[in-house]
Structures are given as structure tokens and as C-alpha cells.
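Breakdown of the fold
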Amino acid sequence: MSDTLTYTPAVKRATDAIYARMRRVVPEIEWPVHAPYIARINALKAERNAVILAHNYQTPEIFHGVADYTGDSLGLAQQAKEADADFIVVCGVHFMAETAKIVNFDKTVLIPDLRAGCSLADAITGEDVRQLKARYPGVPVVTYVNTTADVKAESDVCCTSANAIQIVESLGTDRVIFLPDEYLGHYVAQHTDVDVILWKGSCEVHERFTGAELRRYREQTPGIEIIAHPECPPDVLAEADFVGSTSGMIDFVDRQRPERVVMVTECSMSDNVAVEFPDVEFVRPCNLCPHMKRITLPAILNCLEKLEFEVTLDADLAKRAYGAVQRMLDLPKRKAA
Ligand code: 13P
Ligand code: SF4
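Described below are features of the structure shown in this document. Computed from a prediction, not measured in an experiment: that's the story for all the values here. (Residues numbered from 1 in each chain as written. Chains lettered and ligands numbered in written order. Predicted model: local features only at pLDDT ≥ 70, side-chain atom pairs only at ≥ 80, totals over all residues. Heavy atoms only, no water.)

Moving on, we get to the site of ligand 2. Lining the immediate surroundings of ligand 2 are Tyr57, Val93, Cys118, Ser119, Leu120, Asn146, Cys203, Val205, Glu231, Cys289 and His291. Looking at side-chain class alone, the shell around ligand 2 contains 7 nonpolar, 3 polar and 1 charged residues. (Near = heavy atom within 4 Å. Nonpolar A, V, L, I, M, F, W, Y, C, P; charged D, E, K, R; others polar.)

Shown next as C-alpha cells:
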């Protein structure tokens, strides 16, 4: 194994074109470390008939080096549902891998590190949802996809940050229970007439941003566009020029081509997006998601070599969770119809 992980002339040839794309965000001195892993992972991926889905928060050497599909939580769920490969490797956090299993139950879903959690998914249990339903009988439960399968199984419909408002409004009720992200729920409540019952969960990465920090960016960098993820606190979103999911933020940069932009979200996003938009200057605040950063090239290689770690779910639980996820995935089709 060790000689395959050396930066040989053959590895260089196999990865030069990949490096050319990301040279602005990956220092040249680091490349001989990443390149042998990238070459090996891409070869093994083909041998195993595996597909790699990577979230927008993965580091550039994963995002641009080995991923077949990249995207936000909604995009990854859609890709997972369509995936035809024998193995679906999710480079993201555990709830994303669980969602892949829920929508494509017959496939083997792997995650390179089982410890890749999420503070939002940890904020609520299925039992909490059962108690809420008893307290608010008949009020539909809208659950952020950043939750365990147990919680999804108790919910009427899931949402992501890309479609939360649309999902809440689609239910046609005066009131909804929105779980578990208090800030996303608050943002939804501000943009609908629906009464939103909130839960006190938060993202440990986005809750650290402050409105004062954003005002400083504006003062220090005149003309800067501030774009923020809706998991941020309300005073942060109030300062933002645009609020959207991780893929929504990428689309914004693509459409508007701002001269300077700050993406108020996890660190790696700006690096990944900067590769695609060399004319845009990215101001880079750095709040790392420690869970996303559990996924590394060595962990992905190990995952493909040993076919670990498999994400499994009880079939009955998965079926109940599927109802809530599928209702979300169906929504745009229903709207278009
Ligand atoms: P997106 O669905 O916007 O990619 O968000 C997922 C996430 O975990 C953000 O912290
Ligand atoms: Fe969870 Fe926040 Fe990390 Fe996203 S950034 S995976 S919401 S802890």
C-alpha cells in the first residue's frame, strides 16, 4: 500500500489536470500529500462501482478531487435517490448518509467516519417529537433534514434550508411545528403568515457569527456583498444581502458575479466556490464544522478499501422516515404539475 501512496510521476500525470483546477486554493506544497490519495480513490471508486456524493462543506481536495456529485443537503438527497452504483459513499455528516439510505434503501450506503455528527441532529429525539405532537394535536410537523431517521419517522414532511418556506406554505395550515433549528424556523416565520412553533436547536457553526462581525466587514470592505446561511442568528441574517442554502449561495455568486463577497457559513465553502469564480474576491471568515472535517482523503480511501462504515437502518423505521423525505422531494413536481 505505501508505494501506491507516493507522489510518483504516474500519480503526477494522473492528477495534474485535477490540481490545475484547484491551484488557487490548495498550496502547491500540499499537493504531493493529496495527489496519491486522489489517484487511488478514483481508481478504487471505479473498481467498486461506487459513487461519491460530497457536501459543499467538504475540503477542496475532496470536493474537486474525488466527488462525483456535490451539493447542498437537498441536492445530495436527490442524487442519492437516483444513484445506480453498488455503493453510495457520502462525504458529509451522518444525517446526510442516513437520508441517502432512507431514499435508496436497497443500496449500501457508506460514510468514511461514523463520528461525523451534527449539533442540530443531536438537539432532538423521536420521543421529543411524540411529546410535541401530543401537546399540539393535529398541527403538522415540519422537520429539517438535519435530524436522525428516528425524528424524521415522527414527522409529516422534511425540509432543507433550500425549501423550508415553500414546504411550510405547501401544507396550507395556520400553524406548523418546525424542528429543530430555532433560527431557520425564525427565518421561515418572518417570511410566511403561518404561525411557527419552534424548538431550541442550533448549529454550533452558524450560531457563532454575529451581526457586529458583519457590520465590520461592510465598514472594512466597501461594496462587499454579504450572503448568509439561514442557520445563522436573526441579527446576522438582518445584515445579509442574500440568505440561502449552501447551493443557493453558490447560485447567487454565479448569477450576480459580485466583485467582493463574504459567505457567512462554513469555511470550506468559499474555497470550493473560489475555484469556479476566479474573478470574484472572497473574504473568508473561518468557522469550521468539526463534524464535516472528520471526512478526509485517508478516511475515504479506507472506506472504499474496507467498505466501511455502513449506515444501516431498521426497515420499518426507514419506511416511516421515507414518507417525510419523499413528500419533500415530491414538492417541486407537485408545484409544477
Ligand atoms: P445545506 O442544506 O444548505 O447544504 O445545509 C446543510 C448544513 O448542514 C448547513 O450547516
Ligand atoms: Fe450540523 Fe452545523 Fe455542521 Fe451543518 S455546519 S453539519 S448544521 S453542525
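Below, the discussion takes up the packing of helix 2 (residues 31-48) against helix 14 (residues 297-306). Each pair of packed helices can be described by the angle between their axes along with the distance between the axes. Where helix 2 meets helix 14, the axes come as close as 10 Å, and the angle between the chain directions of the two elements is 25 degrees. Classified by the angle their axes make, helix 2 and helix 14 are roughly parallel. In this structure, the crossing between helix 2 and helix 14 has a hand that is left-handed. Contact residues: helix 2 offers His34, Tyr37, Ile38, Arg40, Ile41, Leu44, Lys45 and Arg48, while helix 14 offers Leu297, Pro298, Ile300, Leu301, Leu304 and Glu305. (Axes fitted to C-alpha atoms, helices over the stretch in contact; angles between N-to-C directions. Helix = DSSP H or I, 4+ residues; strand = E, 2+ residues; numbered from the N terminus. Parallel < 35°, antiparallel > 145°, perpendicular 65-115°, else oblique. Left-handed = near helix turned anticlockwise from the far one by under 90°. Contact = heavy atoms within 4.5 Å.)

All right, on to helix 6 (residues 126-135) then. Looking at helix 6, one finds that the buried residues are Gly126, Val129 and Leu132. Down the axis of helix 6, the smallest arc covering the buried residues is 115 degrees, so these residues share one side. In helix 6, those exposed residues whose orientation departs by more than 90 degrees from the buried face are Gln131, Ala134 and Arg135. Elements that come into contact with the buried residues of helix 6 comprise strand 5 (141-144), helix 7 (149-153) and strand 7 (175-179). (Buried < 20%, exposed > 50% of the residue type's maximum accessible area, 1.4 Å probe, protein only. Arc of directions from axis to C-beta.)

With that settled, the discussion passes to the site of ligand 1. Around ligand 1 sit His55, Tyr57, Asp72, Ser73, Asn146, Ser161, His206, His229, Glu231, Ser245 and Thr246, and that is every residue in its neighbourhood. His229 has a polar side-chain atom sitting 2.8 Å from an oxygen atom of ligand 1. Protein coverage of the free-state accessible area of ligand 1, which is 300 Å², stands at 96%. Here the residues of the shell around ligand 1 sort into 1 nonpolar, 8 polar and 2 charged. (Polar contact = N/O pair within 3.5 Å; in protein donor to acceptor, adjacent residues only side chain to side chain. Areas by Shrake-Rupley, 256 points an atom, 1.4 Å probe, with all protein chains shown as cover.)

In this structure, Ile41, Val142, Phe178, Val264 and Ile300 are the most contacted members of the largest nonpolar core, which totals 111 residues. Of all the elements, helix 15 (residues 315-336) adds the most residues to this core, at 8 residues. Leave out the neighbours within four places in its chain, and Phe178 touches Val142, Cys159, Ala164, Val168, Leu184, Gly185, Val188, Val196, Ile197, Leu198 and Trp199. Ile124, Val129, Leu132 and Val151 belong to the second-largest nonpolar core, a separate cluster that totals 10 residues. (Core = buried A, V, L, I, M, F, W, Y, C linked by side-chain atoms within 4.5 Å.)

Our focus in this paragraph is the sheet that holds strand 10 (residues 242-243). If you walk across this open sheet you meet the 4 strands as 10-9-11-12, and the pairing is parallel. Edge strands, defined here as strands with exactly one partner in the open sheet, are strand 10 and strand 12 (281-283). (Pairing = 2+ DSSP bridges.)

Another aspect to go through is unusual backbone geometry. Residues apart from glycine generally show negative phi values, whereas peptide bonds are mostly found in trans. Cis peptide bonds are those with omega within 30 degrees of zero, and the linkage from Leu179 to Pro180 qualifies with -15 degrees. Relative to the helices and strands, Pro180 is located in the loop between strand 7 and helix 9 (182-190). Not every positive phi belongs to a glycine, and Arg257 is a case in point at roughly 40 degrees. By the secondary structure assignment, Arg257 is in the loop between helix 12 (246-256) and strand 11 (260-264). When its relative accessible area of 48% is taken as the criterion, Arg257 is described as partly exposed. At Leu307, a position not held by glycine, the phi torsion is positive, near 50 degrees. Here Leu307 is to be found in the loop between helix 14 and helix 15. When its relative accessible area of 29% is taken as the criterion, Leu307 is described as partly exposed.

Here we come to the sheet that holds strand 7. The 4 strands lie next to each other as 6-5-7-8, forming an open sheet whose pairing is parallel. A strand with exactly one partner marks an edge of an open sheet, and here the two such strands are strand 6 (157-159) and strand 8 (195-197). If you compare each strand with its neighbour and ignore which way they point, the axes differ by 35 degrees on average. Sheet topology places strand 7 next to strand 8; 3 bridges connect them, and they run parallel. By the bridge assignment, Val176 is partnered in strand 8 with Val196. Seen against the sheet, helix 9 touches strand 5, strand 7 and strand 8 and runs at an angle of roughly 150 degrees to strand 7.

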